[in-house]
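Given next are the chains, with one letter for each unit.
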Amino acid sequence: MGNIQLNNFLKDRDNIIYYSNSKEKNNIDKFKEIVNKIKDENSELQKPTKIVADFTEYNPLHNGHKYCLKKGKEQGIFISVLPAPLERSGRGVPYFVNRHIRAEMAIDAGADIVVEGPPMGIMGSGQYMQCIIKMFQTIGAEIIPRGYIPEKTMDKVINCINAENHIKVKPYKITCMETGELLGEKLEIDNYVIASMSNTIYKINNKWNNNINNANNSSNGSNNNSNNGGNSNYIMFNPKFLFIERIEGISGTKIRENIFKGNFKDIKDMLPETTINILKKYDVQDIILKRFEDRILETANKHKLNKYVPENVANLLEKYRPFNTIDEIKEKLPYGFSKHYKERIISKLEARIEEDIISKYIMNYPSKITILGIRKNP
């Protein structure tokens with residue numbers, strides 16, 4: 001099983017490098033044809049036809065995810081964007097199980113389509129958020145359902161977004177982009193993700209607007225926009241958020257610990273029956289994903305590291321190598337703004353993908369749309 005996991009990991013790595021410079025427009029067009037077919041079927045059955053898209057890791061899919069999915073499906077066709085390549089989470093650590101099992105959980109829980117999202121574990125939060133929003137835009141998302149935690153600042157954030165404004169996110173300063181109103185100093189992590197999504201939507205729209213204006217100005221008033229890469233046809237991305245109060249009493253850590261022990265009894269109230277049935281099909285010890293520690297140590301001890309990690313981190317690790325364990329590497333890593341910074345650095349050492357390639361991959365994203373699952377009779 002270890003060799004299979006490593007082979008899949010290396011294949012994902014090669015694909016990330018390849019798709020930093022390649023794009024499959026026909027693939028994206030075919031995906032849109034599939035969605036339009038489902039929309040036509042829903043229309044004939046007098047079901048909602050709006051495109052509802054969310055990104056969730058489903059690590060694993062629990063009742064909170066199921067509730068959000070159910071509320072989203074009431075609005076239309078639910079497309080789940082499942083972060084996948086390299087199988088490393090936004091916290092930088094391996095997912096509990098691979099994307100194919102997680103996609104199966106989503107389909108059985110009611111998602112209409114599951115598509116592959118970005119490789120979160122090797123990116124900063126701003127980078128993978130940019131990828132996610134660009135994916136939402138490409139698949140035509142009209143509604144984004146998001147679970148949130150009630151709090152004073154979040155109430156103001158929701159009011160700001162519902163007024164068709166956007167959120168500006170800085171450390172200890174959450175403001176409304178359009179009005180400049182100070183909304184609060186900080187947000188719970190789930191709420192922060194919503195604010196960050198709103199901020200990224202604003203930035204992407206603003207960037208394309210500036211590109212179009214610059215291209216038009218450089219053409220000296222002519223109608224020739226050939227140099228702007230077709231940006232004159234850009235449609236502003238303004239999806240509606242569907243805010244869903246997060247249900248309580250669910251602990252992802254407790255769920256994973258008990259699944260690892262094969263104990264479903266103590267977590268049966270946290271997981272939908274569909275998730276439990278899928279997990280029971282496997283020997284859990286065979287499907288749990290793990291780090292490739294030998295590869296990480298080889299990178300840290302033998303490679304020129306400034307290709308993969310920030311210069312200051314590279315200099316520090318090269319100064320203290322060789323390392324014998326992953327913990328030794330972590331001990332020498334500096335603390336970052338994110339509490340997951342060290343794990344993401346470890347994932348970067350594991351992946352060995354150069355920083356400029358990751359930047360190109362993000363610029364080119366999504367280069368294609370990989371379908372992980374489609375619900376029968378949606």
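Model, not experiment: these values are computed from the prediction.

Reading the values: the criteria
Residues numbered from 1 in each chain as written. Predicted model: local features only at pLDDT ≥ 70, side-chain atom pairs only at ≥ 80, totals over all residues. Heavy atoms only, no water. Helix = DSSP H or I, 4+ residues; strand = E, 2+ residues; numbered from the N terminus. Rg over C-alpha atoms; globule rule 2.2 N^0.38 Å. Contact = heavy atoms within 4.5 Å. Areas by Shrake-Rupley, 256 points an atom, 1.4 Å probe, with all protein chains shown as cover. Core = buried A, V, L, I, M, F, W, Y, C linked by side-chain atoms within 4.5 Å. Buried < 20%, exposed > 50% of the residue type's maximum accessible area, 1.4 Å probe, protein only. Pairing = 2+ DSSP bridges. Axes fitted to C-alpha atoms, helices over the stretch in contact; angles between N-to-C directions. Patch = residues over 30% accessible without salt bridge, like charges linked within 9 Å, V, L, I, M, F, W, Y side chains within 5 Å. Salt bridge = Lys/Arg side-chain N within 4 Å of Asp/Glu carboxyl O. Lys, Arg positive; Asp, Glu negative; His and termini not counted. Charge placed at Lys NZ, Arg CZ, Asp CG, Glu CD. Parallel < 35°, antiparallel > 145°, perpendicular 65-115°, else oblique. Nonpolar A, V, L, I, M, F, W, Y, C, P; charged D, E, K, R; others polar. Phe/Tyr/Trp six-rings, centres within 6.5 Å; stacked < 30°, edge-to-face > 60°. Left-handed = near helix turned anticlockwise from the far one by under 90°. Polar contact = N/O pair within 3.5 Å; in protein donor to acceptor, adjacent residues only side chain to side chain. pLDDT = per-residue confidence, 0-100. Right-handed = clockwise from strand over helix to strand, strands pointing away.

Student: Explain the overall build of the protein here, please?
Tutor: When helices and strands are counted, the protein shows 15 helices and nine strands. Since a compact globule built from 378 residues should have a radius of gyration of about 21 Å, the 22 Å found for the protein is in line with a globular shape. Taken over the C-alpha atoms alone, the protein extends approximately 60 × 55 × 45 Å along its principal axes. Within the protein, contacts between residues at least 6 apart in sequence are counted, and of these 75% link residues at least 24 apart. Per element, the accessible surface of the protein, about 19100 Å² overall, is 46% carbon and sulfur.

Student: When you look at the nonpolar core in this model, what are you seeing that I'm missing?
Tutor: Grouped burial of nonpolar side chains is what soluble globular proteins tend to show. Within the largest apolar cluster, 61 residues are counted, with the highest numbers of intra-cluster contacts made by Phe-55, Phe-136, Ile-139, Ile-167 and Met-197. Among the elements that take part in this core, helix H5 (residues 125–139) stands out by supplying eight residues, more than any other. Once you skip the residues sitting within four places of it in the chain, Met-197 turns out to touch Phe-55, Met-129, Ile-133, Phe-136, Ile-144, Arg-146 and Phe-241. By size, the runner-up hydrophobic cluster in this structure holds 30 residues, among which are Val-52, Ile-107, Ala-111 and Ile-267.

Student: When you look at the sheet that holds strand E7 (residues 182–184) in this model, what are you seeing that I'm missing?
Tutor: Either a parallel or an antiparallel arrangement is found when strands of a sheet pair, and the pairing is made through backbone hydrogen bonds. Judged by pairing direction, the sheet is antiparallel, and its three strands sit side by side in the order E5-E6-E7 without closing on themselves. At either end of the open sheet lies a strand with only one pairing partner, and these are strand E5 (167–170) and E7. Pairs of neighbouring strands in the sheet enclose a mean axial angle of 30 degrees, with direction left out of account. Two elements, strand E6 (residues 173–176) and E7, share two bridges in a ladder whose sense is antiparallel. Paired with Ile-174 across the two strands is Gly-184, which belongs to E7. Packing against the sheet, helix H6 (residues 152–162) makes contact with E5, E6 and E7, and its axis sits at approximately 135 degrees to E7.

Student: I keep staring at a negative patch on the surface and nothing clicks. Help me out?
Tutor: Together, Glu-293, Asp-294, Asp-327 and Glu-331 line one region of the surface with negative charge. For Glu-293, the position within the fold is in helix H11 (residues 293–302). The exposure class of Glu-293 is partly exposed, given its relative accessible area of 48%.

Student: Please clarify how the packing of H11 against helix H14 (residues 341–351) should be interpreted in this entry.
Tutor: In a pair of packed helices, the angle between the axes and the distance between the axes together describe the arrangement. Direction vectors running N to C along H11 and H14 enclose 90 degrees, while the axes themselves pass 8 Å from each other. Taken as axis vectors, H11 and H14 run roughly perpendicular relative to one another. For the pair H11 and H14, contact is made by Arg-295, Ile-296, Thr-299 and Ala-300 and by Ile-346, Leu-349, Glu-350 and Ala-351, respectively. Split into classes, the residues belonging to the contact of H11 with H14 amount to five nonpolar, one polar and two charged.

Student: Would you mind going over the packing of aromatic side chains with me for this structure?
Tutor: Here a ring pair, both rings aromatic, is described through the centre-centre distance and the interplanar angle of the planes. On inspection of all chains with the given rule, the structure shows five aromatic pairs. Ring geometry for Phe-9 and Phe-292: centres 5.1 Å apart, planes at 65 degrees, overall edge-to-face. With Phe-9 in helix H1 (residues 2–18) and Phe-292 in the loop between helix H10 (284–287) and H11, the pair connects residues that are 283 residues apart, well separated along the chain. Considered together, Phe-9 and Phe-292 belong to a single accessibility category, that of buried residues. Seen from their ring centres, Phe-241 and Phe-243 are 5.8 Å apart, and the 10 degrees between their planes marks the pair as stacked.

Student: Can you help me understand the packing of H5 against helix H15 (residues 355–363) in this one?
Tutor: Between H5 and H15, whose axes approach to 9 Å, the crossing angle comes to 25 degrees. As the angle between them shows, H5 and H15 are arranged roughly parallel. The crossing of H5 and H15 is left-handed. Touching Gln-127, Gln-130, Cys-131 and Lys-134 of H5 are Ile-358, Ile-362 and Met-363, all from H15.

Student: Can you help me understand the side chain of Asn-27 in this one?
Tutor: By the element assignment, Asn-27 lies in helix H2 (residues 25–44). Reaching out from Asn-27, the side chain makes a polar contact with the backbone nitrogen of Ile-369 at a distance of 2.6 Å. Apart from the residues lying within four places of it in its own chain, the contact partners of Asn-27 are Lys-368 and Ile-369.

Student: It is not clear to me how the confidence of the model for the protein should be interpreted in this structure. Could you clarify?
Tutor: Any segment with low pLDDT has predicted coordinates that should not be analysed in fine detail. Mean pLDDT over the protein stands at 92; residues scoring 70 or higher make up 92%. Contacts of residues 223–230 to residues separated by more than four positions or lying in other chains number five contacts, the stretch itself having pLDDT below 50.

Student: Which parts of the structure should I look at to understand the pairing of strand E1 (residues 50–55)?
Tutor: Two faces belong to every sheet, and in a regular strand the side chains alternate between them. Counting buried positions over the six residues of E1 gives five, a clear majority of the element. In the sheet, E1 pairs with strand E2 (residues 76–82) via six bridges, with the strands oriented parallel. Paired with Asp-54 across the strands is Ser-80, a residue of E2. Read as a crossover between parallel neighbours, the route from E1 over helix H3 (residues 63–73) to E2 is right-handed.

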